[in-house]
Protein chains: 2
Amino acid sequence: MAEVLKVAVDAEDDGGLLSDRIRNALTDEIASGALVAGSALEEQQLADRFGASRTPVREALRQLVVSGLVEVRGRRGLVVARMTPERIMDMFETSAEVEAMCVRLATYRMTPLERSHLIELHDASLQMVEANDVDAYDAFNREFHECIYRATHNSFLAEQAQDVRSRLSAFRRTQLRQGDRIRKSRDEHDAIMQAIAEGDGETAARRMRAHMLNAASALRRYIDDRLG
Amino acid sequence: MAEVLKVAVDAEDDGGLLSDRIRNALTDEIASGALVAGSALEEQQLADRFGASRTPVREALRQLVVSGLVEVRGRRGLVVARMTPERIMDMFETSAEVEAMCVRLATYRMTPLERSHLIELHDASLQMVEANDVDAYDAFNREFHECIYRATHNSFLAEQAQDVRSRLSAFRRTQLRQGDRIRKSRDEHDAIMQAIAEGDGETAARRMRAHMLNAASALRRYIDDRLG
DNA sequence: TTATGGATTTGTGTATACACTAATTGACAT
DNA sequence: ATGTCAATTAGTGTATACACAAATCCATAA
């Protein structure tokens, strides 16, 4: 595992800062769930794994603390941010509201080109659902939402929305594997697309909020099933 | 100037990490406008100013990059994030939408205690307006909005809202000094409070959005006056 | 056997030293 | 006089070394 990741890091060995590459690698590992919440993150150990010294590793870790993916644990080293179910639900709710806000603005502001691109994406997702290809749908889903962010024509808002979304990626993937959630997800997208087509931003926002909260509910069911 | 800031840092010399104290100091200086956008941030120079080595300074700077207050400028050192008028307006719009979202949720969720605290704060702000005390009103304003964040009972959302808000603090102060903006600001708060009292979250949200956008307009007028 | 105190160990926090890149300046040639 | 190329320099990026704090473990005593 460590070797695989090392290679992945080395692959983009060009120009970039070592600390940046380490940060990106750790971000991916946390987002993907490869590094589970609560794991201790020891500087020297990570330095060995990435073939670097403690300095860039430490820099990467402190940056991850700022972005909320890692927690400082006094002097007892850093750990992958451990989130309570309540916190996760708070994050999903926030994400739902932010996404609703974005789609409302996007509906009113998107260019015809952006609208057609979104339709294209949405149409293509149908066969992913029928193939039950979770990974492909997950990737599409990301693209779909990012397309909406951009269509707000507010780059700062787009960045904020993206940031919130990326913090939930690990959970989103989990949730998508639940039952027929993928199909329902696409149906909800369909309803949103319709509102966008009609230029009704408020409806699009309501439907988007419901869509995100449904995803949260699916995740909660999953968590409850596993824990209770 | 440098000495004053140094003292301010030393004042809270207890326990905290050097890099954290430097980061906080720099954050304050950027937020207050003492460090103007575009200023070069040289590591050794800052290290000398804070009586530290480059290591904690560098750590602080890289953290500020993540939180968006500082920009990397290739190899030519870091600079205080230079924001275009468009970007500032994007940030204000985002802030407006986020605040609207918060007040809507807060209206539906706040406890009687939270409501009474908010009313108390609002009432107290009247004499600040009449004394035309910009600093006091600025401090109150911060407290007022933070109170609303907390009343959403969503700690993650509260943090995000706070984060966006803090990035605009330098501009907000500027804007408040414009004409009779303070009085108008308080009138707008009053309208928001009324909607909250009536439990009408949607109206509170609309009024909050308008309130924030008015602040942005006041700032834009100020910018246009100075530049054009 | 258990509690207490110190020694050891482990790992963070900071400083310093070194490497490398890029920019600037000066010299030389046209 | 001006353009180009090389040398110097200034400053970032990384590594290593050292300081300090906390936690654990072992020995000793009650």
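### Let's talk about the overall build of chain A
Within chain A, the regular secondary structure consists of 11 helices and three strands. When its helices and strands are written in sequence order, chain A yields α-α-β-α-α-β-β-α-α-α-α-α-α-α. Its C-alpha atoms give chain A principal-axis dimensions of roughly 55 × 45 × 35 Å. Taken over 228 residues, chain A has a buried fraction of 49%. Nonlocal contacts in chain A, meaning residues at least 24 apart in sequence, comprise 71% of its contacts between residues at least 6 apart. For chain A, the exposed area adds up to about 11000 Å²; of that, 49% sits on carbon and sulfur atoms.

### Comments concerning the protein's contact with DNA strand C
Taken together, 18 residues surround DNA strand C, and among them A:Glu42, A:Arg58, B:Leu18, B:Ser53 and B:Thr55 come closest. Here DNA strand C approaches the protein such that, of its atoms within 4 Å, sugar and phosphate make up 67%. One nitrogen or oxygen atom from the side chain of A:Arg62 is found 3.0 Å from a phosphate oxygen belonging to DNA strand C. Put simply, the parts of the chain that give the surface near DNA strand C at least two residues each are α4 (54-66) of chain A together with α2 (18-32) and α4 (54-66) of chain B. Residue composition of the surface near DNA strand C, grouped by class: five nonpolar, four polar and nine charged.

### Notes on the sheet that holds strand β1 (residues 40-41) of chain A
Residues and elements named next belong to chain A. The sheet built from three strands is open, its strands ordered β1-β3-β2 with antiparallel pairing. Both edges of this open sheet fall to β1 and β2 (70-72), since each of them pairs with a single strand only. Of the strand pairs in this sheet, β2 and strand β3 (residues 78-80) are connected by three bridges, and their pairing is antiparallel. Looking at the pairing, glutamate 71 lines up with valine 79 of β3.

### Digging into the relation of the copies chain A and chain B
In the superposition of chain A on chain B (RMSD 0.1 Å, axial shift 0.0 Å), the rotation amounts to 180 degrees. Such a combination of rotation and displacement between the chain copies is what one expects of a two-fold axis. Judged by C-alpha distance, A:Gln63 is the residue of chain A that lies nearest the rotation axis, at 2.6 Å. Both copies contact each other with a shared surface, as 100% of the interface residues of chain A are interface residues in chain B too.

### Thoughts on the interface of chain A and chain B
Across the contact, 30 residues belong to chain A and 30 residues belong to chain B. Buried surface at the junction of chain A and chain B, summed over both partners, amounts to about 2800 Å²; 47% is from carbon and sulfur atoms. Our count for the chain A to chain B interface comes out at eight salt bridges. Counting across the interface, chain A meets chain B through 21 residue pairs in polar contact (both at pLDDT 80 or more). Residue assignment for the side of chain A that touches chain B shows that the elements contributing at least two residues are α4, α5 (85-109) and α8 (155-167) of chain A. Among the elements that make up the side of chain A that touches chain B, the one with the highest residue count is α5(A) (11 residues).

### A word on α4(B)
Counting along an α-helix, one turn takes 3.6 residues, and residues three or four places apart therefore face a common direction. Under the 1.5 Å per step criterion, the end-to-end length of α4(B) is 18 Å for 13 residues, consistent within 8% with the ideal 18 Å. Of the residues flanking the end of α4(B), it is B:Gly68, one or two places downstream, whose phi is positive at about 90 degrees.

### With respect to the side chain of B:Thr107
Its place among the elements puts B:Thr107 in helix α5 (residues 85-109). When sequence neighbours within four positions are dropped, the list of residues in contact with B:Thr107 reads B:Arg115, B:Ala195, B:Ile196, B:Gly199, B:Asp200, B:Gly201 and B:Ala204.

### Here we look at the packing of helix α2 (residues 18-32) of chain A against helix α3 (residues 43-50) of chain A
All names here are of chain A. It is at 12 Å that the axes of α2 and α3 come closest, and there the two elements cross at 105 degrees. Classified by the angle their axes make, α2 and α3 are roughly perpendicular. Facing α2, whose interface residues are Ile22, Ala25, Leu26 and Glu29, α3 presents Leu46, Arg49 and Phe50. Here the contact of α2 with α3 is built from residues that sort into five nonpolar, no polar and two charged.

### Description of unusual backbone geometry
The backbone of A:His153 sits at a positive phi, close to 55 degrees, despite the residue not being glycine. Checked against the element boundaries, A:His153 lands in the loop between α7 (134-151) and α8. A:His153 sits in the partly exposed class, given a relative accessible area of 42%. In the Ramachandran plot, B:Asn132 falls in the positive-phi region, its phi being about 55 degrees despite a non-glycine side chain. Considering the arrangement of structural elements, one finds B:Asn132 in the loop between α6 (112-130) and α7 (134-151).

### Quick notes on the environment of B:Val80
Residues and elements named next belong to chain B. With respect to the helices and strands, the residue valine 80 is situated in strand β3 (residues 78-80). Taking C-alpha positions, valine 80 is 9.0 Å from valine 65, a pair spaced 15 residues apart along the chain. If we ignore the near neighbours within four places in the chain, the residues touching valine 80 are Ile30, Leu35, Val36, Ala37, Gly38, Ser39, Leu41 and Leu69.

### Observations concerning the environment of B:Pro112
Residue and element names in this part refer to chain B. Structurally, proline 112 can be placed in helix α6. In this structure proline 112 comes out as exposed when scored by relative accessible area, which is 64%. Between the alpha carbons of proline 112 and serine 217 there is a distance of 34 Å; along the sequence they are 105 residues apart.

### Here we look at the domain arrangement of chain A
Residues and elements named next belong to chain A. The domain architecture assigned to chain A consists of domain 1 (2-80) and domain 2 (85-227). The C-alpha centroid of domain 2 is placed 28 Å from the C-alpha centroid of domain 1. At the interface, seven residues of domain 1 touch four residues of domain 2. Here domain 1 meets domain 2 over a buried area of about 330 Å², counting both sides, of which 45% is carbon and sulfur. Summed over the three residues of domain 1 that lose the most area to domain 2, namely Ala31, Ser32 and Ser67, the buried surface amounts to 71% of that side.

### With respect to the confidence of the model for chain A
Residues and elements named next belong to chain A. When pLDDT is averaged across chain A, the result is 89; 93% of the residues are at 70 or more. Looking over chain A, one finds the lowest element-wise mean pLDDT in helix α1 (residues 2-11), namely 38, and the highest in helix α6 (residues 112-130), namely 97. Note on residues 1-14: pLDDT under 50 across the span, and 13 contacts to partners over four residues away in sequence or across chains.

Rules used in this analysis
- Residues numbered from 1 in each chain as written.
- Chains lettered and ligands numbered in written order.
- Predicted model: local features only at pLDDT ≥ 70, side-chain atom pairs only at ≥ 80, totals over all residues.
- Heavy atoms only, no water.
- Helix = DSSP H or I, 4+ residues; strand = E, 2+ residues; numbered from the N terminus.
- Buried < 20%, exposed > 50% of the residue type's maximum accessible area, 1.4 Å probe, protein only.
- Contact = heavy atoms within 4.5 Å.
- Areas by Shrake-Rupley, 256 points an atom, 1.4 Å probe, with all protein chains shown as cover.
- Near = heavy atom within 4 Å.
- Polar contact = N/O pair within 3.5 Å; in protein donor to acceptor, adjacent residues only side chain to side chain.
- Nonpolar A, V, L, I, M, F, W, Y, C, P; charged D, E, K, R; others polar.
- Pairing = 2+ DSSP bridges.
- Least-squares fit on C-alpha atoms with pLDDT ≥ 70 in both.
- Buried area = accessible area lost by both parts, 1.4 Å probe.
- Salt bridge = Lys/Arg side-chain N within 4 Å of Asp/Glu carboxyl O.
- Expected span 1.5 Å × (residues − 1).
- Axes fitted to C-alpha atoms, helices over the stretch in contact; angles between N-to-C directions.
- Parallel < 35°, antiparallel > 145°, perpendicular 65-115°, else oblique.
- Domains from an automatic or database assignment.
- pLDDT = per-residue confidence, 0-100.

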